[in-house]
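For reference, the chains in residue letters:
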Amino acid sequence: MRIAMTGYGAVTPLGNDVDALWQGLVAGRSGVRELDRLDDTWNDLPVRVAAPVTTDLELALGRVRARKLDRNQQLALIAADEAWRDAAIRDCDPERLAVAVGTGVGGVQTLLAQDDVLENSGPRRVSPRVVPMLMANGASAQISLEYTAKGGVYTPVSACASGAEAIATGARLIQSGDADVVIAGGTEAAISPLTLAGFAQAQALAKPDGGPADRLSRPFDIDRRGFVLGEGAGIVILESESHVVARGGRVRAWLAGWGITSDAYHITGTEPGGLSQIRAIRKALAIGDLHTSDIDHVNAHATGTLVGDRAEAQALFEVFGDNVSVTAPKGALGHLVAGAGALEAIITAKTLESGVVPATLNLQRIDPEICLDVVQETRRTSVRGAVSNSFGFGGQNVTLAFSAV
């Protein structure tokens, strides 16, 4: 069964919709910048560079409504609204409509802020809305309420693979006959002193090197130092082929296959040689009845860490050789954690639609151990099939395979 992608929505460091995201990527713009904070907690951080969303979320949602939602829920709802409008679904049986939206840490902004309230002002000042705002399934639940989705609400929590796993979950729901339409994707809003300090202590974040902040995220580059933390949401509308045909809808791309594996190797480290990543890619191709020769392009997970980029490059070379174009959007967007896989699924689908492969920003000298055709300047080419990788702490690997309409 082919799964149709019929609508896209996004809120990103490059803008508040899919068009702004795509135009920014193609033009080579960056959403990474130095954070401007005044209090000592932020100023004492070893890393104050991130890729935040600049959209006024209160303006988009309304002040009263926004105050009842954690930031990651706000992002998800705005992206879902764009995706639903893009799909132009006017009539859908609520019991055949499901939601699958992943997150890495849920409402961490609410948790941290309300913990401060508790410590400074006591328990009676804690918000009565704190639990629905901080719970991990809050974003998917809010979307289900917005669109009266009664076919099930799912919240994959698999670190940086969460958004891609949510899309795979949505496809499985349609494949099994449990839903006709699924609102799927990922959302994350975790830029805070705690997360920045934690990632920095784990030696995962790129630390300033005296150059411009927007050059700090550089996947596959010989001088890469780690990733830059971002925030945002990506939402897609998935439909069964029969459903979209019956309503006369537009198919933007086909989600052909998906592969999910785990390393069982290390809680944060990457399995040497990317062996389980190879299995995930091959699973996705097998489910989609695709051969390696059907794939022209790869959207790499490529966060900019020394070990991670090399392991993924080894996996990609093992499967495809150097016969596919490769791009890494995190050079422009930073790493959106759960939002990354969903957003990059949209970017991959846009490449299929347009035949345009955005450049990997900030790649000036490719690591000589990476034997791939990594795109350094925006390229126009024919793309029939593509895959997008997402890998998360815990050894979680997800590959999504797409084919053009």
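What you see is a predicted model, and the numbers here were worked out from it, not measured in a lab. Note that residues are indexed from 1 along each chain, following the sequence as it is written. Whole-chain, interface and lining totals are the exception, using all residues; otherwise, since this is a predicted model, local features are given only for residues with pLDDT of at least 70 and side-chain atom pairs are given and counted only at 80 or more. In computing side-chain properties, one takes all heavy atoms of the structure into account and sets aside hydrogens as well as water.

Describing the pattern of salt bridges
In step 1: A pair is scored as a salt bridge if a Lys or Arg side-chain nitrogen falls within 4 Å of a carboxyl oxygen belonging to Asp or Glu. All told, the structure shown has 20 salt bridges when counted by the stated rule.
In step 2: Note that Arg282 and Glu318 form a salt bridge whose closest N and O atoms lie 3.9 Å from each other. One end of the pair, Arg282, is in helix α12 (residues 275–287); the other, Glu318, is in helix α13 (residues 306–320), with 36 residues separating them in the sequence.
In step 3: Burial classification: accessible surface area is computed with a 1.4 Å probe over protein chains only, and a residue below 20% of its type maximum counts as buried, one above 50% as exposed, and the rest as partly exposed. The class of Arg282 is partly exposed, set by a relative accessible area of 43%.
In step 4: Salt bridges linked by common partners bring Arg224, Asp309, Arg310, Asp367 and Glu369 together as one network. The secondary structure listing takes helices from DSSP runs of H or I that are at least 4 residues long and strands from runs of E that are at least 2 residues long, numbered from the N terminus.

Notes on the packing of aromatic side chains
In step 1: Pairing of aromatic side chains requires ring centres within 6.5 Å, counting the rings of Phe and Tyr and the six-membered ring of Trp. Pairs whose planes differ by under 30 degrees are stacked, by over 60 edge-to-face, and all others tilted. Per the counting criterion, the structure on display carries 3 aromatic pairs.
In step 2: Centroid distance Phe199 to Phe227: 5.1 Å. Interplanar angle 75°. Geometry classified as edge-to-face. Within this pair, whereas Phe199 is found in helix α10 (residues 193–201), its partner Phe227 is found in the loop between α10 and β7 (232–240), the two being separated by 28 residues in sequence.
In step 3: One aromatic cluster is present, built from ring pairs that chain together Phe199, Phe227 and Phe393.
In step 4: Geometry around Trp254 places Arg2 over its ring, the cationic atom sitting 3.9 Å from the centre. Both a distance and an angle decide whether a charge sits over a ring: NZ of Lys or CZ of Arg must be within 6 Å of the ring centre and within 35 degrees of the ring normal.

Points about the packing of helix α5 (residues 71–87) against helix α8 (residues 138–147)
In step 1: Only the stretch in contact is used when a helix axis is fitted, and all axes are lines through C-alpha atoms; the angle between N-to-C directions ranges over 0 to 180 degrees. Direction vectors running N to C along α5 and α8 enclose 40°, while the axes themselves pass 9 Å from each other. Between α5 and α8, the interaxial angle falls into the category oblique. Once α5 is placed against α8, the crossing between them reads as right-handed. Residues Asn72, Gln73, Ala76, Leu77, Ala80, Asp81 and Trp84 of α5 form the contact with α8, whose participating residues are Gly138, Ala139, Gln142, Ile143, Glu146 and Tyr147.
In step 2: The classification used treats Ala, Val, Leu, Ile, Met, Phe, Trp, Tyr, Cys and Pro as nonpolar, Asp, Glu, Lys and Arg as charged, and all other residues, Gly among them, as polar. Taken together, the residues of the contact of α5 with α8 sort by class into 7 nonpolar, 4 polar and 2 charged. When an angle is under 35 degrees it counts as roughly parallel; over 145 it counts as roughly antiparallel; between 65 and 115 it counts as roughly perpendicular; any other value is oblique. By convention, the crossing between two helices is left-handed when the near helix turns anticlockwise from the far helix through less than a right angle, and right-handed when the turn is clockwise. The contact rule is simple, with two residues in contact once any of their heavy atoms fall within 4.5 Å.

So, to be careful, I would describe these as geometric facts and stop short of saying anything about function.
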